[in-house]
Amino acid sequence: MRLHIIGICGTFMGSLALLARELGHQVSGSDTNVYPPMSTQLEEAGITLIEGYHAENLANQPALVIVGNALSRGNPEVEALLNSGLPYTSGAQWLAEHVLTGRQVIAVAGTHGKTTTASLLAWLLESAGLTPGFLIGGVPRNFGVSARLGKPDSPFIVEADEYDTAFFDKRSKFVHYRPQMVVMNNLEFDHADIFPDLAAIERQFHHLVRTVPSKGCLLVADQQPALERVLEMGAWSPIERFGTLESSEWQLRLERADGSRFQVLHLDENSEEDGVVEWTLTGEHNARNALAALAAASRCEVNLARACAALARFQTPRRRQEVIGEVGGVQVIDDFAHHPTAIAATLKGLRAATTKGRLLAVIEPRSNTMRLGALRAQLKESVADADAVFWFQPAGLDWSMEALVAEQGERAELYSDIDALVHAVVTQASLLDRIVVMSNGGFEGVHQRLLSALSAKEQTE
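The structure contained in this document is the topic of the report that follows. (Residues numbered from 1 in each chain as written. Predicted model: local features only at pLDDT ≥ 70, side-chain atom pairs only at ≥ 80, totals over all residues. Heavy atoms only, no water.)

1. Remarks on the packing of aromatic side chains
Okay, step 1: Counted by the stated rule, this structure contains six aromatic pairs.
Okay, step 2: Both rings, one in tryptophan 123 and one in phenylalanine 143, keep their centres 6.4 Å apart while their planes meet at 75 degrees; by these two values the pair is edge-to-face. Here tryptophan 123 is found in helix α5 (residues 114-127), whereas its partner phenylalanine 143 is found in the loop between β7 (133-135) and β8 (147-148), with 20 residues between them in sequence.
Okay, step 3: Judged by its relative accessible area of 17%, phenylalanine 143 falls in the buried class.
Okay, step 4: Ring geometry for phenylalanine 167 and phenylalanine 168: centres 5.0 Å apart, planes at 90 degrees, overall edge-to-face.
Okay, step 5: For phenylalanine 168, a relative accessible area of 32% puts it in the partly exposed group.
Okay, step 6: Put simply, the rings of Tyr88, Phe167 and Phe168 touch in pairs and so form one group of aromatic residues.
Okay, step 7: In this structure, lysine 173 is placed above the aromatic ring of phenylalanine 12, and the distance from its NZ or CZ to the ring centre is 5.3 Å. (Phe/Tyr/Trp six-rings, centres within 6.5 Å; stacked < 30°, edge-to-face > 60°. Helix = DSSP H or I, 4+ residues; strand = E, 2+ residues; numbered from the N terminus. Buried < 20%, exposed > 50% of the residue type's maximum accessible area, 1.4 Å probe, protein only. Lys NZ or Arg CZ within 6 Å of the ring centre and 35° of its normal.)

Laid out in structure tokens, this is it:
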């Protein structure tokens, strides 16, 4: 079947395209602002990419058009689709009908940590020989692709996003997935462009809870008031909690402050198990992500000790504390953090692991929530662990960042020109410093620009 995907380079839709190609479909797609890693893996899979949204993109009369949730009425390709009478569907619905049906589906949900937790779980099941399928909103480096079918009788892991499904279906995408197991990492206000408040997101999470069968399972992070409010609306499946509370079935004990070594304790009615994880990741938030993945893997009958050992071989997904390069003793790290809580957690973990040199944060508040300024009051404290902060004000931001930067004193600077930003960062960077770049977009290729400028600086010194 010939499929065409409008908005193909989003992390979800691009992953969907890989699954469709693996199923044997002929796939094409259109998008704007195409950038790696999604564009790269689509091209490597032999999927035709068309730059821009145009009516003529549908001239070959595809058998089905899959519409991404970033597309709205008024888009020329969407209007051409509606006028053509061609059949269309949403990405979430296509996934549910053509991939998830008949599979043991494990959904990983939450405001933060979905990509890392889903990647961790996929790796744990892979290490146990289960060959899981997955769709992840990033590229797990242990696999090299963001999606695959896996074995039909093995679990399928899906990163379960609460964002709406399509312009014609305003439910959260995850209500389509009908999972047998749900991991709920956390819940905060986000997606201010579609949700008026946190209560509206809690209601969507409860819709997800309603779809889990009574023989399934809810794995829920402790110390998350919003998740507790979701469960108070009703739950019909067994609940296991994970975190740092002694009352939780899955408990975490840091043995190193930077989170690179921690103890895992599993308590149930019949037994008590424990294990130790020593790995390359840092931060308590990543240790909690690992704990969630260990709990889910255990319910798939993966041995805890074996799973803990497998984490030593885990590689972070691309754009999640990914070391892009090092020049002259200065390290450049790429991280997807774009919510104040995620920014704070990432910097806290890197701060604990940075024993020499300074931590320089380069941040672009680019998400829809950030563009609207809904969480700008939290941004000041989110960068407390950085020695210096270089803010970039992207075009289209609905508020000025000048007051925010002024409140942070001399350690914070604001730029709207990417070349000036790169020059300032490289001028200040010195031996053993770590530059962490935070954005959920391409950020005008700033990572490679920084590495090139660092190389040029090294050659002149």
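Still more to cover.
2. Considerations on the environment of alanine 118
Okay, step 1: By the secondary structure assignment, alanine 118 is in helix α5.
Okay, step 2: Judged by relative accessible area, alanine 118 falls into the buried class, the value being 0%.
Okay, step 3: Between the C-alpha atoms of alanine 118 and isoleucine 106, which are 12 residues apart in sequence, the distance is 9.0 Å.
Okay, step 4: When residues no more than four places from it in sequence are discounted, the contact partners of alanine 118 are Val108, Ile136 and Ile157. (Contact = heavy atoms within 4.5 Å.)

3. Here we look at the sheet that holds strand β1 (residues 2-6)
Okay, step 1: The five strands lie next to each other as β3-β2-β1-β4-β5, forming an open sheet whose pairing is parallel. Only two strands of the sheet have a single partner each, and these edge strands are β3 (48-51) and β5 (88-90). The average angle at which neighbouring strand axes cross in this sheet is 25 degrees, direction not considered.
Okay, step 2: Bridge count for β1 against strand β2 (residues 26-31) is five bridges, and the pairing is parallel. For isoleucine 6, the partnering residue across the bridge sits in β2 and is serine 30.
Okay, step 3: Packed on one face of the sheet, helix α1 (residues 11-22) meets β1, β2 and β4 (64-67) and runs near 175 degrees to β1.
Okay, step 4: Where helix α4 (residues 91-100) meets the sheet, it contacts β1, β4 and β5, and its direction lies at approximately 90 degrees from that of β5. (Pairing = 2+ DSSP bridges. Axes fitted to C-alpha atoms, helices over the stretch in contact; angles between N-to-C directions.)

4. Considering the packing of α1 against α4
Okay, step 1: The contact between α1 and α4 brings their axes to 11 Å, and the two run at 30 degrees. As judged from the angle between their axes, α1 and α4 are roughly parallel. Between α1 and α4 lies a crossing of left-handed hand. Packed against α1, whose contacting residues are Phe12, Met13, Leu16, Leu19 and Ala20, the element α4 presents Gly91, Ala92, Trp94, Leu95 and Val99 at the interface.
Okay, step 2: Looking at the contact of α1 with α4, its residues break down into nine nonpolar, one polar and no charged. (Parallel < 35°, antiparallel > 145°, perpendicular 65-115°, else oblique. Left-handed = near helix turned anticlockwise from the far one by under 90°. Nonpolar A, V, L, I, M, F, W, Y, C, P; charged D, E, K, R; others polar.)

5. Notes on the packing of helix α6 (residues 198-210) against helix α7 (residues 225-232)
Okay, step 1: The contact between α6 and α7 brings their axes to 9 Å, and the two run at 55 degrees. Between α6 and α7, the crossing angle belongs to the class labelled oblique. Crossing angle aside, the handedness with which α6 passes α7 is right-handed. Note on element contacts: α7 touches α6 through Ala226, Leu227, Arg229 and Val230, opposite Leu198, Glu202, Phe205, His206 and Val209.
Okay, step 2: Class assignment of the residues belonging to the contact of α6 with α7 gives a composition of six nonpolar, one polar and two charged.

6. Points about the sheet that holds strand β19 (residues 330-335)
Okay, step 1: Across the sheet, six strands lie side by side as β18-β19-β23-β20-β21-β22; this open sheet has mixed pairing. Two strands in the sheet have a free side with no partner beyond their single neighbour: β18 (322-327) and β22 (412-415). Pairwise comparison of adjacent strand axes, ignoring direction, gives a mean angle of 20 degrees for this sheet.
Okay, step 2: Pairing of strand β20 (residues 359-363) with strand β21 (residues 388-392) involves four bridges; the strand directions are parallel. Within β21, the position partnered with leucine 360 by the bridge is alanine 388.
Okay, step 3: Packed onto the sheet, helix α10 (residues 340-353) meets β19, β20 and β23 (434-438) and runs at close to 165 degrees relative to β23.
Okay, step 4: Helix α15 (residues 446-460) contacts β18, β19 and β23 of the sheet and is inclined by roughly 15 degrees relative to β18.

7. A few points about unusual backbone geometry
Okay, step 1: In the Ramachandran plot, threonine 131 falls in the positive-phi region, its phi being about 50 degrees despite a non-glycine side chain.
Okay, step 2: Relative to the elements of secondary structure, threonine 131 occurs in the loop between α5 and β7.
Okay, step 3: According to the relative accessible area criterion, threonine 131 is partly exposed, its value standing at 23%.
Okay, step 4: Despite not being glycine, arginine 178 has its phi angle at roughly 50 degrees, a positive value.
Okay, step 5: Considering the arrangement of structural elements, one finds arginine 178 in the loop between β11 (169-172) and β12 (181-184).

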